[in-house]
Structure formats: structure tokens, C-alpha cells
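Fold and geometry: a report
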Amino acid sequence: MRFAIGDTDFLLDGEPHRVLSGAIHYFRVHPDLWADRIRKAKLMGLNTIETYVAWNAHAPSPDVFDLTGGLDLGRFLDLVAAEGMHAVVRPGPYICAEWTNGGLPYWLFADGSVGVRRNEPGFLAAVQTYLQQLAPVLVPRQIDQGGPIVLVQVENEYGAYGSDPEYLRALEQMHRDIGLTVPFTSVDQPMGTMLEDGSLPSLHKTGSFGSRSAARLERLRQAQPTGPLMCSEFWDGWFDSWGEHHHTTSAADSAADLDVLLAAGGSVNIYMFHGGTNFGFTNGANDKGVYRPIATSYDYDAPLDEAGRPTSKFHAFRAVIERYAPVPPLPASMEPGGSGRLASDAADGVGLEARITPATDLAVRLDRVASLRSLLPTLTTWSAHDEPPTFDALGAASGFVLYRAEVDLPTGGVLTIGQEVRDRAIVSVDGVVVGVLEREHHDRAVVLPPVTGTLELLVEDQGRVDYGIRIGEPKGLIGGVAVDGVPLSRWTAAPLALDPIAPSALDALSAVEPTDGEALAGPTFATGSFDLDAVDDRYLSLDGFRKGVAWVNGFCLGRYWSRGPQQTLAIPGPVLRRGRNAVVVLELHASASRTAHLLVQPDLGHTEG
């Protein structure tokens with residue numbers, strides 16, 4: 001088969017074809033649930049699945065490129081093909097996506113010599129290697145080779161970042177050089193000169209917007225007089241940041257804008273069809289003068305919620321699509337009021353069991369407790385430095401770094417960070433917390449009490465900036481540390497990656513004798529177990545806890561924070577097992593309880609709009 005760009009339409013084997021796509025990021029969904037989410041996209045009336053490719057997820061270090069498990073992009077695309085659907089792939093190299101560092105590997109910028117998203121030899125050389133590593137996955141899965149891929153996007157909303165046609169031409173040629181032959185696209189907001197700045201005449205321009213469809217399409221047509229109109233990011237919701245409200249959009253309003261778009265003959269990619277979750281430490285952040293880390297949930301108020309269940313937006317969009325294209329029959333379980341579960345066979349031949357919603361929630365007592373300090377020998381190793389090293393210099397992509405210095409301050413003093421805390425530091429003297437420095441609040445100073453002993457700063461990377469000029473910046477205590485203006489030297493530092501937790505640390509925690517009591521004083525680990533007769537998607541509630549990270553059966557669910565908006569962490573059903581299961585929590589501050597709850601329903605801090 002052949003897919004091409006005609007004067008007015010996309011052409012599939014020479015016939016006009018409308019792309020009806022929905023975004024599913026394979027790296028935000030448990031791989032055992034990929035087939036389920038893809039099939040549900042088809043049931044809404046979509047014929048295509050779109051995904052970014054997260055370079056930094058595949059390449060945690062320069063000498064590793066991982067295409068296994070939840071990063072098996074080839075398997076994901078094969079599942080799309082098995083459903084009879086097409087695929088749009090967006091390899092970046094920059095993706096934004098509210099994903100840490102916008103998808104760019106942290107190690108690429110560790111020495112400060114490599115450019116970011118520009119025509120710079122070091123950056124382009126790394127991108128070339130990346131694309132060559134992707135070639136065996138993408139090239140044979142193009143539609144003209146019998147695969148599902150019909151479009152590939154070059155860069156991502158580049159017009160909002162810069163205007164460098166030489167850079168874009170170099171990227172386009174690299175994509176061609178690895179053997180990609182399908183049409184190439186670009187995407188930008190139809191505002192100002194972004195469409196012109198972010199593309200080339202050889203790239204088919206598409207728009208990104210979520211409202212005012214008619215005006216946006218008019219601007220897109222102005223920038224590109226011929227060819228099919230396409231909104232390749234139709235924003236049907238929005239992402240959440242910690243401390244803000246949960247973003248929702250009206251299903252009726254979004255459906256009306258989608259109707260205008262389709263009535264104009266446009267193609268669409270619904271962003272997101274299913275958002276998923278920023279598991280582990282993968283969330284990004286924004287910094288437009290104030291640093292805002294993205295929440296763990298990427299529910300996005302999408303047609304399919306974080307647990308894969310249809311929302312009112314699913315049904316509203318399906319009703320619109322049905323006016324322009326045939327839609328398959330909807331199983332009773334997917335109708336309003338249904339369970340949202342599929343009982344049919346998966347596209348890859350693996351049965352998707354019908355899941356029965358558990359009738360009750362479960363309380364889990366976290367009865368084994370060990371301080372972070374006591375577990376350090378099982379979690380990390382120390383290194384000596386004259387100045388506090390960055391995370392990047394330590395090879396720490398994310399998580400935490402513990403900085404330690406011996407001090408003699410008989411009258412105390414004022415500790416200051418030279419430039420910036422990236423992103424949050426818990427300051428302790430001899431194991432007693434004396435303050436917290438938050439990048440979000442531009443904190444750089446804290447008063448120390450008299451101390452002759454150990455000063456510690458536990459620094460958390462809360463998410464690398466994913467948008468704008470601060471992409472690629474290092475993490476840690478930037479600009480050094482001083483007390484009363486006198487620089488502190490002779491530091492030791494220990495990275496705490498924690499995804500996954502070292503088995504020796506889990507063994508040590510499990511060996512602790514159970515204890516009574518309610519409150520936890522952090523930073524401390526706590527664990528407890530629970531039994532299940534049946535496996536289903538669940539949600540972990542840590543009511544009474546303040547801030548930290550949680551794991552179930554060794555799988556890192558991500559960060560929790562009492563400031564919200566989300567109040568629960570999603571647990572994919574495949575992470576759970578019949579019989580005994582274990583929860584581990586790292587509470588950074590304190591909790592009023594040692595009881596976690598395994599819930600049937602999530603709490604995103606909102607009601608559906």
C-alpha cells in the first residue's frame with residue numbers, strides 16, 4: 001500500500017483518506033494493557049494511533065538503547081497493525097509531552113558543550129545515532145512495506161522555540177537517510193509565525209489547537225495553500241501540575257470543536273485519547289519564571305481515563321465521528337454505565353480477561369519501618385567532591401541525591417545556595433530536619449542552629465523542564481553552598497535513583513520487625529502487604545501522608561504529594577497478583593497514619609466536566 005499527500009486530501013492507494021487518530025504514549029501505559037487501549041480507540045471510531053518516541057526512556061545512558069518490555073515500540077506498533085489501524089510516529093528528537101527533559105537524554109548535555117535543538121554538531125551527531133537505533137523498528141513497519149506507519153513527524157512545535165531552517169533540513173535528511181519513505185509532517189500552533197518558523201516546504205504543516213477550529217484551520221490554510229488540513233494535536237484536555245486544580249474541559253464543547261474540524265474536511269489526532277501515567281520519575285516540569293512540576297497522573301481529562309475506562313468525552317466524540325465515518329458496534333460494557341472492560345481477545349492473541357470490579361476497598365498496614373539513613377548502605381555509594389556535584393555529573397538521571405558535609409558552627413548561621421536549588425532540598429543537621437528549600441518558591445537560604453557535626457541536604461529532582469529555554473539544564477545545588485557567606489567545601493554525595501529500589505534494600509526493609517504506632521517521621525521507608533483473590537486496576541490512597549514515592553510489588557507508581565490535585569496513584573492491574581502483594585512508601589516528611597488504602601475508584605481531585 002502507499003500513503004501520500006494529495007492536493008486536497010491524504011491519499012491511501014490513490015483514494016482520498018481521512019486520518020482519525022488518537023494519541024496513546026506506549027511509555028505511559030503498562031505494556032500488558034496496550035492492546036486494550038488500542039482496541040478502545042478503534043471502538044470510538046478512530047483508524048490511527050499516534051505516539052511520541054521518548055528518546056531518554058530508551059537511552060538511559062549513551063551506551064544503552066532499550067527496546068524491551070514497556071519500551072518495545074515494535075510490539076506496540078504491531079498491536080496497532082493487528083487491529084487494522086494505521087500509526088503516526090513522532091520520534092522528536094524533542095517531544096515535550098510534559099515528559100522529563102522533553103524526551104532529550106540528560107547525559108547529552110552533561111558537559112555543557114552540546115547544543116539544544118539547534119544546528120550544532122554534537123547534538124546532530126547524537127540525534128543521528130538515535131535515529132539509526134530506531135531504524136530497525138520504524139523502517140520495516142512503514143505502510144509501503146506492509147506495516148502501519150503512514151506519517152512521521154520531524155521535531156515538535158519548533159516554531160514556538162526557534163527558527164532555524166538549516167537545523168530542520170538536517171533533521172529531515174537524517175530521517176530520510178535511515179530509510180523512512182512515508183510523508184513527513186511538522187506541527188505548530190496556528191498563531192503568529194509559528195507555522196512558518198517551525199517547518200519547511202518539504203514538510204507537511206499541521207496544527208495544534210483545541211478550540212476555535214475554523215479560525216485555526218484558516219490560518220493553517222494561509223500558511224499552506226494546498227494539501228490536506230490536519231490538526232495533529234487536538235487538545236481535548238490538559239495536564240496537571242502539583243498544587244494546581246485538575247484541568248477539565250467540557251465534553252460538549254470539545255465535541256463541537258471536533259465537529260467543526262471534521263466538517264471542514266480536516267484530519268485529526270486527538271491529544272490525548274488515553275493519557276496514562278508518569279510512572280517512576282518521568283514527569284516533566286514547566287518554568288516560565290516559576291517552576292511547576294507535572295503531576296504523576298497524565299489523565300488529561302481524555303476520552304479514556306487513566307484506568308482505561310470511557311468517559312463522557314468518549315461517547316461525545318464517537319457521536320461526532322459517526323457523522324463522518326463508520327464506527328464499529330460498541331460492546332455493552334463500553335456503553336455509558338458499563339464497566340469499561342473488554343472481554344474479547346486481544347489483538348496479539350493474548351486473552352483480555354473480563355475483569356469484575358472488586359466490591360470493597362482494602363486497608364494496608366505499613367508495619368515495617370526503616371529510616372532512609374539506616375538503609376543508605378543498601379541503596380547507594382558515596383563519592384568525595386570539593387563542591388557539591390550536579391546530578392548530571394554523578395550520572396543521576398532523576399530521583400534524589402544526598403549531599404553531606406561535616407561542619408563546625410557553634411553559633412549556627414545562614415546557609416545559602418549560590419544560584420538555585422533544583423528542585424527541592426530537605427536540610428538536616430545531625431539527622432534533624434531544620435528546613436526545606438523549594439525552587440518553586442525561589443528559596444535559597446535557611447537558618448542553621450548551632451551544630452558541630454553533619455550537615456545534609458537531600459535534593460529531589462522533581463522533573464526536568466520539558467518546554468522552553470531551560471531544557472537540558474543540570475540538577476542539584478547550583479552555584480555551591482555557603483554559610484554566612486563562607487563557601488562550604490569537602491562534600492560527599494550519594495545518588496538515590498530508586499527506580500527500581502535495590503533488592504538488598506527491599507530485603508533489609510522486609511527483615512525489620514513489625515512495630516505498632518501511627519505516625520511516621522521522615523525521610524523513612526515503610527512497607528506492608530495485602531492479599532488479593534482477583535486482579536484488577538486499583539488506586540493507592542495515602543491519606544495523611546505528605547510527600548514521597550510509592551511502589552507496589554517493586555513497580556514504581558510515582559510521586560505523591562498532599563498538595564494535590566491528585567489524591568491517589570494508579571496501580572495497573574498487571575502489576576498486581578493473586579495472593580500476597582507488597583506496598584513500599586518513602587515518606588519524605590511525616591504521616592499521620594501508617595495505613596494506606598487500595599481503592600477501586602480514583603480521586604483526581606475533580607468531578608468530570
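Note that this is a predicted model, so its numbers are computed, not measured. (Residues numbered from 1 in each chain as written. Predicted model: local features only at pLDDT ≥ 70, side-chain atom pairs only at ≥ 80, totals over all residues. Heavy atoms only, no water.)

**Let's talk about the overall build of the protein chain**
- Regarding its fold elements, the protein chain presents eleven helices and 36 strands.
- Against the 2.2 N^0.38 benchmark of 25 Å for 609 residues, the protein chain shows a C-alpha radius of gyration of 25 Å, consistent with a compact globule.
- A principal-axis box enclosing the C-alpha atoms of the protein chain has dimensions of 80 × 55 × 40 Å.
- Counting the 609 residues in the protein chain, one finds 61% classified as buried.
- In the protein chain, once contacts between residues fewer than 6 apart in sequence are set aside, the share between residues at least 24 apart is 78%.
- About 22000 Å² of surface is accessible on the protein chain, with carbon and sulfur atoms providing 52% of the total.
- Averaging the positions of the 48 positive and the 75 negative side-chain charges in the protein chain gives two centres separated by 1 Å. (Helix = DSSP H or I, 4+ residues; strand = E, 2+ residues; numbered from the N terminus. Rg over C-alpha atoms; globule rule 2.2 N^0.38 Å. Buried < 20%, exposed > 50% of the residue type's maximum accessible area, 1.4 Å probe, protein only. Contact = heavy atoms within 4.5 Å. Areas by Shrake-Rupley, 256 points an atom, 1.4 Å probe, with all protein chains shown as cover. Lys, Arg positive; Asp, Glu negative; His and termini not counted. Charge placed at Lys NZ, Arg CZ, Asp CG, Glu CD.)

**Brief notes about the sheet that holds strand E30 (residues 538-541)**
- Here we have four strands laid out as an open sheet, ordered E14-E36-E30-E33, and antiparallel in their pairing. Every other strand in the sheet has two partners, leaving strand E14 (362-365) and strand E33 (568-571) as the edge strands with one partner each. Each strand axis lies, on average, 30 degrees off the axis of its neighbour in the sheet, ignoring direction.
- Both E14 and strand E36 (residues 595-599) contribute to a ladder of four bridges, which runs antiparallel. From the neighbouring strand, Leu362 faces E36, where its bridge partner is Leu598. (Pairing = 2+ DSSP bridges. Axes fitted to C-alpha atoms, helices over the stretch in contact; angles between N-to-C directions.)

**Quick word on the sheet that holds strand E23 (residues 451-461)**
- What the six strands build is an open sheet, ordered E16-E27-E17-E23-E20-E21; its pairing is antiparallel. What marks the edges here is a single partner per strand, and that holds for strand E16 (383-385) and strand E21 (432-438). Neighbouring strand axes in the sheet, compared pairwise and without regard to direction, differ in orientation by 25 degrees on average.
- As judged from the three bridges shared by E16 and strand E27 (residues 491-496), these two strands associate in the antiparallel manner. If you follow Ser383 over to E27, its bridge partner there is Ala493.
- Most of the contacts of helix H10 (residues 372-379) go to E27, to which it runs at about 80 degrees, and overall it touches strand E17 (399-409), E23 and E27.

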